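# Descriptive analysis of the structure
Now for the letters of each chain:
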Amino acid sequence: MDKEEKNTMGLTRREMLTASGLALGGLLIEKAIPGINEVSANDGCVCPSGPTCNWDDVPSSQKYTYFDSLDPFVPFDPKTKTTIVPLGENEMRITFMGSSIPPTLRHKQQMMSVFVEVGWDKNKEMPLDQFVFDCGSGVCTNYAAMNVGFGRMNKVFINHLHGDHMSDLTHIYCFGPSLDRQFPLYVWGPSASGVESPKGSGRYYDDGLKAFCKHLREVCRWHTESFSFQSTAYSDYVVPTRKSWGLPCDPVPVNDDAPNDGYALVPIELNWRKYGQDEGDNVAYNNPTTGVKISHFPVIHARQGSIGYKLEWRGLTMIYTSDTKPEYNSIIQASNNGKGVDVLIHEMIVPAQVWTMKIQHSNQLPDPNSPGVKWATMVQNSSHSPQGAFGFLLSQINPRPRLTVATHFPVADDTVACALKSVTDHCPDVKMGKDLIWSFDLMTIRVSKDKITPMRGVVSDFNFAPTGNLPTGTPQTPKYHDASGNGDPYAQICLDTAIPACGDNNTCNYREDGY
Ligand SMILES: [Zn+2]
Ligand SMILES: [Zn+2]
């Protein structure tokens, strides 16, 4: 990168690094990240000789041995068999509910989602606080299998509005009030991109989170009305405020929903350009009751507006960058002013040539100039961190995270072995399973001050639902109700052609109890 090249914030790299260093407590960034200013990637530089990956062993690509080797984590408390597994008082638990890359879909890995729980509230028998980061397609299935109900999925942090990071928001929103989330859905995400679309057209779309939520709410109108013969709210729900959750704005539902209703969709739009230049300008959530603070910073991915999140709680720090090209904010945030972080979750992709080969069901690397490789290279260069770049990025973080998790990556023994070679070219000392792992669906990482333990979620493929474990409130009268205030399931349908259980002259058509 040219030293004078301006970044998305209109700053040179040096200006940005200095600003971030100051924001992080006045230390010079050179101190926090030795060597960072000597970096000049792709400028006639000599790179590591590269991996010599072996793609002949086709069966190896059908399993991910590392995941299979992990200790099992059964997401139901072994004592009660029905409630969730308690966390330690100072434990953070991170679970991958989705971990792959689109556009193709993969049976064993859904699109992106990371669930983070902290601490334990003995009275409520619940984690102290819990968060959904991204919710791409297919991930709701994994949430249910891992015993996480909708009531625990009410705080959703979206990194960017690509489909593989937000598709399942529809399901979370629509079906929460039918189960145990009879209170609003709160969604954090970036403000409008500000990109002229395309350059010279004078057109700027309202492509930020707030507009997204307004439209999503109306798209789901038929659904929400149709289910509103059930109570969708507790009359005694305590509505959070800007102060009680430490938000950058008031939590106001879009459109006309009441602020305590399960169908209220509440956007917390974040100025994606902020990164802590002025102290606190990038805080998304800072809850004095649970002690969780979440801040954000811009990353580089496809179109302006993608953000990474940093979660801090009781001395533990986790970063989830989501999708990004290799860029400096992630290094600065992960170096954490010389303190480092406990867990860094950063995306990684296979080289464009390998990606194309895999899509083509081949084990022969295609011509680097073929259209498929050109397409994959374009996607890579605008949006993602190929495995070698990921290795370089990791080598620049000082101190290293206690655990780095490569995600958004289609794992199997062959892709992981090849990626590990690229990473260790830059960081020869990292050890797979020790300070570096690749995420996989249902991988749970238990994090405490003294140890970090990745585990393998073991689930039932046939459960009906997670176990509800929420304090119940006082149900409000449903929107569609009869004269006595009871929900009226017939209010929105016409029964003219319906077949009744009992026919004329009391003949039996079918049993009313369903048998
Ligand atoms: Zn994306
Ligand atoms: Zn993505």
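Our structure is the block above this text.
Residues numbered from 1 in each chain as written. Chains lettered and ligands numbered in written order. Predicted model: local features only at pLDDT ≥ 70, side-chain atom pairs only at ≥ 80, totals over all residues. Heavy atoms only, no water.

Turning to the coordination of the zinc ion (ligand 1), a few remarks are in order. In the first shell of the zinc ion (ligand 1), the protein supplies H160 (NE2), H162 (ND1), H301 (NE2) and D323 (OD), at 2.1 to 2.6 Å from the metal. The site at the zinc ion (ligand 1) holds 4 donor atoms, and with the angles between them running 92 to 168°, its shape is irregular. Each donor residue of the zinc ion (ligand 1) lies on the same chain, and together they follow the pattern H-x1-H-x138-H-x21-D. A separation of 3.2 Å is found between the zinc ion (ligand 1) and the zinc ion (ligand 2), which are bridged by D323. (Donors = N, O, S within 2.8 Å, 3.2 Å for Na, K, Ca; no water. Tetrahedral: all angles 85-135°; square planar, octahedral: opposite > 155°, others 65-115°.)

Further remarks concern the pairing of strand β8 (residues 283–286). Where β8 and strand β9 (residues 293–298) come together, 3 bridges link them in antiparallel fashion. The residue bridging N286 from the neighbouring strand is K293, located in β9. Hairpin connection of β8 to β9: 6 residues between the antiparallel strands, including G291 at a positive phi of 80°. (Pairing = 2+ DSSP bridges. Helix = DSSP H or I, 4+ residues; strand = E, 2+ residues; numbered from the N terminus.)

It is worth spelling out unusual backbone geometry at this point. What you tend to see is this: most non-glycine residues have negative phi, and most peptide bonds are trans. Of the consecutive residues S197 and P198, the connecting peptide bond is found in the cis state with omega at -10°. Tracing the chain through its elements places P198 in the loop between β6 (185–190) and α7 (209–219). Notably, E125 is not glycine yet its phi reads approximately 50°, a positive angle. Note on E125: relative accessible area 41%, which makes it partly exposed. Within the chain, N506 stands out as a residue other than glycine whose phi angle is a positive 60°. Relative to the helices and strands, N506 is located in the segment after β16 (452–457). (Buried < 20%, exposed > 50% of the residue type's maximum accessible area, 1.4 Å probe, protein only.)

Attention shifts here to the pattern of salt bridges. If the charged atoms of two oppositely charged side chains come close together, the side chains can form a pair. For the structure on display, the rule yields 14 salt bridges. A salt bridge links D129 to K155, with the shortest nitrogen-to-oxygen separation between them at 2.6 Å. Taken together, the residues span a long stretch of sequence, with D129 in strand β4 (residues 129–133) and K155 in strand β5 (residues 155–157) at a distance of 26 residues. Taking the relative accessible area as the measure of exposure, D129 reaches 2% and is therefore buried. Residue classification places K155 among the buried residues on the basis of a relative accessible area of 9%. Of the charged contacts, one joins K479 and E225 as a salt bridge, the two residues approaching to 2.9 Å between their closest N and O atoms. (Salt bridge = Lys/Arg side-chain N within 4 Å of Asp/Glu carboxyl O.)

Taken together, D164 (OD), H165 (NE2), D323 (OD) and H408 (NE2) make up the full set of protein donors to the zinc ion (ligand 2), lying 2.0 to 2.1 Å away. Around the zinc ion (ligand 2), the 4 donor atoms sit at angles spanning 89 to 171°, and that spread fits a shape best called irregular. Sequence spacing of the donor residues for the zinc ion (ligand 2), all on one chain, is D-H-x157-D-x84-H. Accessibility expressed as a relative area gives 7% for D164, which makes it buried.

Turning next to the packing of helix α13 (residues 387–395) against helix α14 (residues 413–426). Packing of α13 against α14 leaves a shortest axis separation of 7 Å and a crossing angle of 35°. Once α13 is placed against α14, the crossing between them reads as right-handed. Contacts between α13 and α14 involve Q387, G388, F390, G391, F392, L394 and S395 from the first element and C418, A419, S422, V423 and H426 from the second. Within the contact of α13 with α14, the residues separate by chemical class into 6 nonpolar, 6 polar and no charged. (Axes fitted to C-alpha atoms, helices over the stretch in contact; angles between N-to-C directions. Left-handed = near helix turned anticlockwise from the far one by under 90°. Contact = heavy atoms within 4.5 Å. Nonpolar A, V, L, I, M, F, W, Y, C, P; charged D, E, K, R; others polar.)

Turning our attention to the state of the cysteines. Within this structure, the stated rule accounts for 1 disulfide. Paired through a disulfide, C53 and C418 show a sulfur-sulfur distance of 1.9 Å. On the sign convention where negative means left-handed, the S-S torsion of about 80° between C53 and C418 marks this disulfide as right-handed. Pair noted here: C53 is in the loop between α2 (29–32) and α3 (65–68) and C418 is in helix α14, with a separation of 365 residues, a long-range link. (Disulfide = S-S within 2.5 Å.)

Attention now goes to the packing of aromatic side chains. Counted by the stated rule, this structure contains 21 aromatic pairs. Ring geometry for F133 against F157: centres 5.3 Å apart, planes inclined by 35°, an arrangement best described as tilted. Here the residue F133 occupies a position in strand β4, and F157 occupies one in strand β5, the gap between them amounting to 24 residues. The class of F133 is buried, set by a relative accessible area of 0%. Residue F157 is classed as buried on the basis of its relative accessible area of 0%. Three or more aromatic residues joined by ring pairs form one cluster here, namely F131, F133, F157, Y186, W188, W245, Y285, Y309 and Y320. The cationic tip of K155 hangs over the ring face of W245; the distance from NZ or CZ to the ring centre is 4.7 Å. (Phe/Tyr/Trp six-rings, centres within 6.5 Å; stacked < 30°, edge-to-face > 60°. Lys NZ or Arg CZ within 6 Å of the ring centre and 35° of its normal.)

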